[in-house]
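Close look at the chain arrangement
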Amino acid sequence: MKLPSVCALDCPDTCALHITVDNGRVVKLEGNPDHPITRGFACAKMYRYPERHEHPDRLLYPQRRIGPKGSGKFERISWETALDEISSRVQEILKTHGPQSVLPYCYCGTMGVIESQHPLAFFRALGALELDWSICAATGSAAWEANYGPFKLGVDPEEASKSRFIILWGINALRSNSHFAPWLKEARQNGAHILHIDPFRNETSRFSDEHWQIRVGTDAALALAFGREILHQNWHDSAYLEQHANNLDDYRQACELWTIERTADFCGIDAVRLRQVIQQYATTRASFIKVGYGLTRNEGGGNALRAITLLPALTGAWQHAGGGATLSTSGAFHLNHRLNRGEHLRQPNVRTVNMNLLADELARQSQPIQALFVFNSNPAAVAPDSSGVAKGLSRDDLFTVVLEHFQTDTADYADYLLPATDFLEHPDLYTSYGHYYLQWSEPVVEPRGECKPNTWFFRELAKRLQLAEPTLHWTSHQLAENLVSSQHPFMQDVTWERLQKARFIKMHLGENFRPYIHGSHHADKKIHFSPSPQQLHFEEQPTPEFPLRLISPPGPFILNTSMGNLESIRKMAGNQPQVIIHPDDATRYGVTDGAVVRITSRTGTISRQAIVSSDARQGVLVALGQWWPKFSPDKKSLNELTSQRLTDLGGGSTFGNPVVRVEC
Ligand SMILES: Nc1nc2c(c(=O)[nH]1)N[C@H]1C(S)=C(S)[C@@H](COP(=O)(O)OP(=O)(O)OC[C@H]3O[C@@H](n4cnc5c(=O)[nH]c(N)nc54)[C@H](O)[C@@H]3O)O[C@H]1N2
Ligand SMILES: Nc1nc2c(c(=O)[nH]1)N[C@H]1C(S)=C(S)[C@@H](COP(=O)(O)OP(=O)(O)OC[C@H]3O[C@@H](n4cnc5c(=O)[nH]c(N)nc54)[C@H](O)[C@@H]3O)O[C@H]1N2
Ligand SMILES: [Mo]
């Protein structure tokens, strides 16, 4: 039996899937051929999802800790016992320390709008601490919105084949957004030139017509050099700018510093080619920039993204089919989020915790965090400064509840470890950050063991805590019906009945969708040109003690740490976590191909296998993806090396920031 579903993983493609179920077991996963973006194929990771779903290590029963914190020793208990014990402990903590000692820590293990966001309503009803979801998209969003106002929109991927000059700027699209590749191929067949700008030579560089292996953290300068040359040569669209832009003087002044020669030298790219490409980019009407989040993950990342995404406004590319830029398409989904997220339950004067500062927050002395609920996330592996996080999670006086599919490194620290359903076992509603289709998914199998949806757990806990607010007790279907009841014109084709039947519906973007043809979504409708020279910030540069820069782009076969425990996936990824080092650096530091090296940053030391290859730019170490610490040779997370320092905009993470040294 083949049943429709939707991929819940945190990826821009949000694929429509077909799941083959045999005798109640998931045996095969394929892309839905009828979905215009999925086009019938799944990615290398998700073909393996049946293995994950049926895995013998899936958590199937509620468990209570029996060993010391972090030992990962548990005993099976019933849901009744788990819920009774958790609720009495929470009541005690609320009485003694108040609601602002309770922190939900969650992210996008599932992108389902209900399973990821409805639990927030429970915490808002309690008056618990708010969590700032800053680990991933915060800097990019803040930067985009500083230019264009609220609601991130971009070129419709289905229009991208009309572009004639494409820059893939800091994005490994063939891996992290693989369903965009067919549109890129079509654009190229139609005559487009494709340039990839990335310090790491990867699948996307090999696919592109041209690759610039730029120095890490220098993108703002490069984008401003584009701006300078465009303004000097009069290639900007003065009519468009006059009507729709402001702050141009500030911007012009910031650009002035970045001559072609200085920029080429600073960014480590070829000056002649830089000049030619700027001309090609600026004089092609339908020029398109697809920009990734990687370059936002360092101190100056926000203003770098601002500078890059102002270029289509400068040239007026937004007015042409296939012209413009895309960071995310998520702003098109005007769902009615209020009740699902419990916005109406927000209490005044509640403190917000930046999730990148988890290590510091768990070490706080005044008004300390006493209860931590972790779901849809694996902070022991993915949060910056992992030794600080581990120290916090080890606190004997911290009460920790983890809802999970597997016994992750985070789960090892739980007091109660609860088995969660996955997206094949629960219903949910899905938006996307890479296309414009809203999707609905029903379960295709019964939950394994005693697995329960996150929403079920928080409903049951709400009952025991006597939280009477009716919306906390709504079913997923009631929540979804409410979520899609929106008056926004983009939602005009969506009714709950239609969505349940069709499973995916495109947002009503109208004919010839050009999101910024009439300016921005700021109150003054202007595109806000900046950054000013004072706002620009370039990275902490390598020093003799720490001569290399470490970046950690997504691994090709895992998604953050999800899938990282599958044997087959680990095998595809080389059996152990690896870092790529340039041959010149390898010679300088005595590193041979395949050797295990020690990597030290200002915050910690880890061991990893080195691969010697010029795929890494000289001076840069490229760590491929997030491995489970417990499957790494030294049992340490890569985030031993990253710090809690924040970016220039949006309070984002700086995973691309650390400077390091390697030793054999
Ligand atoms: N296969 C796979 N796909 C994924 C994920 C995964 O883990 N695996 N993760 C998902 C998630 S959560 C997200 S947020 C997105 C991530 O999406 P992105 O962050 O856009 O990730 P990538 O597409 O790998 O693009 C990042 C690229 O930026 C490059 N980069 C790093 N620093 C710089 C810099 O200073 N300048 C420039 N120009 N480039 C730089 C990296 O080398 C890398 O190739 O992908 C999603 N898709
Ligand atoms: N060094 C470094 N660190 C990084 C990054 C980097 O580039 N470099 N990238 C960062 C980025 S972009 C992101 S988005 C974060 C991602 O960090 P996380 O959002 O924590 O992502 P995952 O590591 O995939 O962990 C998600 C967990 O949720 C669980 N899960 C999935 N579905 C459900 C469900 O329905 N219910 C419950 N209860 N659990 C579920 C999965 O089993 C998995 O263990 O990591 C960040 N960390
Ligand atoms: Mo992410």
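Before going into details, it helps to say that this report is about the structure given with it. (Residues numbered from 1 in each chain as written. Chains lettered and ligands numbered in written order. Predicted model: local features only at pLDDT ≥ 70, side-chain atom pairs only at ≥ 80, totals over all residues. Heavy atoms only, no water.)

In this section: the nonpolar core. By size, the foremost hydrophobic cluster in this structure holds 96 residues, and its most contacted members are W169 and F226. The biggest single contributor to this core is helix α9 (residues 219-232), with 9 residues. Of the residues that make up this core, three or more belong to each of domain 1 (63-136 + 333-506) and domain 2 (139-327). Setting aside anything within four residues of it in sequence, one finds F226 in contact with I167, W212, L274, V277, I278, Y281 and L311. Grouped together as the second largest cluster of nonpolar side chains are 63 residues, F122, V353, L372 and F458 included. (Core = buried A, V, L, I, M, F, W, Y, C linked by side-chain atoms within 4.5 Å. Buried < 20%, exposed > 50% of the residue type's maximum accessible area, 1.4 Å probe, protein only. Helix = DSSP H or I, 4+ residues; strand = E, 2+ residues; numbered from the N terminus. Domains from an automatic or database assignment. Contact = heavy atoms within 4.5 Å.)

We now examine the site of ligand 2. In the vicinity of ligand 2 there are 31 residues, among which R52, S377, E404, T561 and S562 approach most closely. One of the backbone nitrogen or oxygen atoms of V382 is found 3.0 Å away from a nitrogen atom of ligand 2. Isolated, ligand 2 exposes 920 Å² of accessible area, and the fraction of that covered by the protein chains is 95%. Split into classes, the residues belonging to the shell around ligand 2 amount to 11 nonpolar, 16 polar and 4 charged. Counting contributing residues per domain, the shell around ligand 2 is built from domain 1 (63-136 + 333-506) and domain 3 (548-663), each supplying no fewer than three. (Near = heavy atom within 4 Å. Polar contact = N/O pair within 3.5 Å; in protein donor to acceptor, adjacent residues only side chain to side chain. Areas by Shrake-Rupley, 256 points an atom, 1.4 Å probe, with all protein chains shown as cover. Nonpolar A, V, L, I, M, F, W, Y, C, P; charged D, E, K, R; others polar.)

An order of β22-β26-β23-β25-β24-β27 is seen for the 6 strands of this closed barrel, with the pairing classed as mixed. When the angles between neighbouring strand axes are averaged without regard to direction, this sheet yields 45°. (Pairing = 2+ DSSP bridges. Axes fitted to C-alpha atoms, helices over the stretch in contact; angles between N-to-C directions.)

Before going further, it helps to spend a moment on the sheet that holds strand β13 (residues 324-326). Reading across from one edge, β10-β9-β8-β12-β13 is the order of the 5 strands in this open sheet, with parallel pairing throughout. Since the sheet does not close on itself, it has two edges, and those belong to β10 (210-212) and β13, each with one partner. With strand direction ignored, the average angle separating the axes of adjacent strands in the sheet is 15°.

Surrounding ligand 1, one finds 33 residues, the nearest of these being N172, S176, D198, D219 and I558. One of the backbone N or O atoms of G170 is found 3.3 Å from an oxygen atom in ligand 1. At 3.3 Å, a side-chain N or O of N202 approaches an oxygen atom of ligand 1. Among the residues making up the shell around ligand 1, the classes are represented as 17 nonpolar, 10 polar and 6 charged. Taken domain by domain, the shell around ligand 1 gets at least three of its residues from each of domain 2 (139-327) and domain 3 (548-663).

Function cannot be inferred from these measures alone, as they are strictly geometric.
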